[in-house]
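Architecture and fold: a report
Below, each chain spelled out in residue letters.
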Amino acid sequence: MSSNDQDQPYNDPYYYQDPSAYQNQEGYTGYDQQGYDNSGSDSSAYAAPPQQPPPQRLAPPLQQLQRIQSGIPGFDQIVGGGLIRDRVYLLSGPAGAGKTIFSSQFLYNGLTKYGENGVYVVLEEGPQQLRENMYNSFGWDMRNLEESGNLIILDAISSRLGLGSEERWVVPRPFTLEALLYEIQTAIQTVRASRVIIDSLDAMSLELTQVDLRSLIQRLTMILKSFGCTTLLVSGQAETNHAGRKAVEEYVVDGMIRLHHALEESVSGETLLEQNAMQGNSLEEDSFTMKMRTRKVEIPKMRGSSHSHFLHPFIIGENGVEVRAEPEVTKRLRRAIFKAKQVD
């Protein structure tokens, strides 16, 4: 190694030199941390792009529910002003409670008072028998409404029993649930029905399991609602079946109208005020009891509407069903206050 080489530092990559020797070099900033913070490339350029919010799906606006008038005196008052349009209701009750009269009156009033066409599906009573009963009892001429093209009475009982029919609207044989649903849909479209009666649901469920019945009612309600129909499904089934379970249709429908028809005791009599000169005044009561059939209506369920929670008596008169909007009084207490006569 020459002397000149000794004067120059050896270019050894492992050669150590005091860092202070570099501080006087021009343009060198040293290892100052601030120098690194304020220099170099902008790291924000490599930041992840902001996430775009998912597209908002506009929810349909809430609408005020529309009600329809039944035309049955006193009934609309106990259901908050009328039934809600485009919904399905279960009308149930034992034999003789007035289910067919109630549903026929609802349909007839819609046709004659409110200009709403209708379809009546009969599964247990023949169409001609229905016409004659309603006309002779209340003067409701359904034949005239059929001829004007505002009403269809669909005969579903003939094919269900395997019988022939001379009716214009009839479910073809052999009777199937698919054929029934198709004919109901066709009848609704033909007259542009707003009110539909299916009488009765029991006949449709004779050979169905609970699962099949629920599926049938769900399909039926979807068809009826899609056409904007307000429907009464008539049923004679009790509140619970033999196993103690509620009827499956009660879970599917939008509301329930339950009619009661029971034998009850009625107490009658008179109270007399007897005067006795020795013992003063006294009350003598002469009373007797009678058993008679009474009809009542209650609303166990009504979605989207306030309703009465009481039993309401109703009668079937010459104009049909008439409901007392006031709740039934089950017991009335009377108190007599009198002053004893002064005896000399």
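Keep in mind that what you see is a predicted model, and the values were worked out from it rather than measured. (Residues numbered from 1 in each chain as written. Predicted model: local features only at pLDDT ≥ 70, side-chain atom pairs only at ≥ 80, totals over all residues. Heavy atoms only, no water.)

Considerations on the nonpolar core
Residues Phe 75, Leu 83, Phe 102, Leu 232, Ile 257, Leu 259 and Val 323 are the most contacted members of the largest nonpolar core, which totals 37 residues. Sorting elements by how many residues they give to this core places helix α4 (residues 99-112) first, with six residues. Residues in contact with Phe 75, not counting those within four places in the same chain, are Ser 70, Leu 83, Phe 102, Ile 257, Ile 299 and Val 323. With 35 residues, the next largest nonpolar core counts Ala 187, Cys 229, Val 248 and Met 256 among its residues. (Core = buried A, V, L, I, M, F, W, Y, C linked by side-chain atoms within 4.5 Å. Buried < 20%, exposed > 50% of the residue type's maximum accessible area, 1.4 Å probe, protein only. Helix = DSSP H or I, 4+ residues; strand = E, 2+ residues; numbered from the N terminus. Contact = heavy atoms within 4.5 Å.)

Examining the pairing of strand β6 (residues 195-199)
On any regular strand, side chains alternate: one points to one face of the sheet, the next to the other face. Counting buried residues in β6 gives five out of five residues, a clear majority hidden from the surface. As paired elements, strand β4 (residues 118-122) and β6 share five bridges and run parallel to each other. Pairing of Tyr 120 across the sheet is with Ile 197, part of β6. For β6 and strand β7 (residues 230-235), the ladder comprises five bridges, and the chain directions are parallel. Among the inter-strand pairings, Ile 198 is bridged to a residue of β7, identified as Leu 233. (Pairing = 2+ DSSP bridges.)

Some details on unusual backbone geometry
In this model, Arg 173 is joined to Pro 174 through a cis peptide bond whose omega is -5°. Mapped onto the elements of the fold, Pro 174 is located in the loop between α7 (157-160) and α8 (177-191). Residue Ser 200 is reached from Asp 199 by a cis peptide bond, and omega for that bond is 5°. The topology assignment puts Ser 200 in the loop between β6 and α9 (201-204). Phi at Asp 86 is positive, roughly 70°, even though this residue is not glycine. Among the secondary structure elements, Asp 86 is positioned in the loop between β2 (83-84) and β3 (88-92). At Arg 192, a residue that is not glycine, the phi angle is positive and equals roughly 50°. Here Arg 192 lies in the loop between α8 and β6. With a relative accessible area of 72%, Arg 192 lands in the exposed category.

Considerations on the packing of α8 against helix α10 (residues 210-226)
Orientation of α8 relative to α10, taken along the N-to-C sense of each, is 15°, at an axis distance of 11 Å. The angle between α8 and α10 places the two elements in the roughly parallel class. In this structure, α8 meets α10 at a crossing whose hand is right-handed. Each of Leu 177, Glu 178, Leu 181, Ile 184, Gln 185 and Ile 188 in α8 lies in contact with α10, whose residues at this interface are Leu 216, Arg 219, Leu 220, Ile 223 and Leu 224. Partitioned by chemical class, the residues of the contact of α8 with α10 number eight nonpolar, one polar and two charged. (Axes fitted to C-alpha atoms, helices over the stretch in contact; angles between N-to-C directions. Parallel < 35°, antiparallel > 145°, perpendicular 65-115°, else oblique. Left-handed = near helix turned anticlockwise from the far one by under 90°. Nonpolar A, V, L, I, M, F, W, Y, C, P; charged D, E, K, R; others polar.)

Considerations on the packing of α4 against helix α5 (residues 127-138)
As a packed pair, α4 and α5 sit with axes 12 Å apart at the nearest point and diverge in direction by 85°. By the angle between their axes, α4 is roughly perpendicular relative to α5. Across the interface between the two elements, Thr 100, Ile 101 and Ser 104 from α4 touch Leu 130, Met 134 and Phe 138 from α5. Of the residues that constitute the contact of α4 with α5, the class distribution is four nonpolar, two polar and no charged.

Focus: the confidence of the model for the chain
Predicted confidence across the chain gives a mean pLDDT of 80, with 71% of residues reaching 70 or more. Confidence drops under pLDDT 50 across residues 2-6; counting only partners more than four residues distant or on other chains, this segment forms one contact. Segment residues 239-245: pLDDT under 50, and eight contacts once partners within four positions in sequence are set aside and those in other chains are kept. (pLDDT = per-residue confidence, 0-100.)

Structural notes on the pairing of strand β10 (residues 312-317)
Sheet analysis places β10 next to strand β11 (residues 320-323), joined by four bridges and oriented antiparallel. Looking across to β11, one finds that Ile 316 is bridged to Val 321. Remark: two residues form the turn of the hairpin made by β10 and β11, two consecutive strands paired antiparallel.

Quick word on the environment of Ile 184
By the element assignment, Ile 184 lies in helix α8. On the accessibility criterion, Ile 184 (0% relative accessible area) is buried. Once the C-alpha coordinates of Ile 184 and Trp 169 are considered, the two residues, 15 residues apart in sequence, prove to be 9.9 Å apart.

Considering the side chain of Ser 158
Position of Ser 158 among the secondary structure elements: in helix α7. By relative accessible area, which is 11% here, Ser 158 ends up buried. With near-sequence residues (within four places) excluded, Ser 158 lies in contact with Leu 163, Gly 164 and Ser 165.

Here we look at α5
For α5, spanning 12 residues, the distance from its first C-alpha to its last is 16 Å, which sits close to the expected 16 Å at 1.5 Å a residue. For α5, every residue scored as buried is listed here: Pro 127, Leu 130, Arg 131, Met 134 and Phe 138. Around the axis of α5, the buried residues are gathered within 100° of arc, so they sit on the same side. Buried residues along α5 sit in contact with α4, β4, α6 (142-147), β5 (151-155), β10 and β11. Directly beyond the C-terminal end of α5, a positive phi value near 80° is found at Gly 139. (Expected span 1.5 Å × (residues − 1). Arc of directions from axis to C-beta.)

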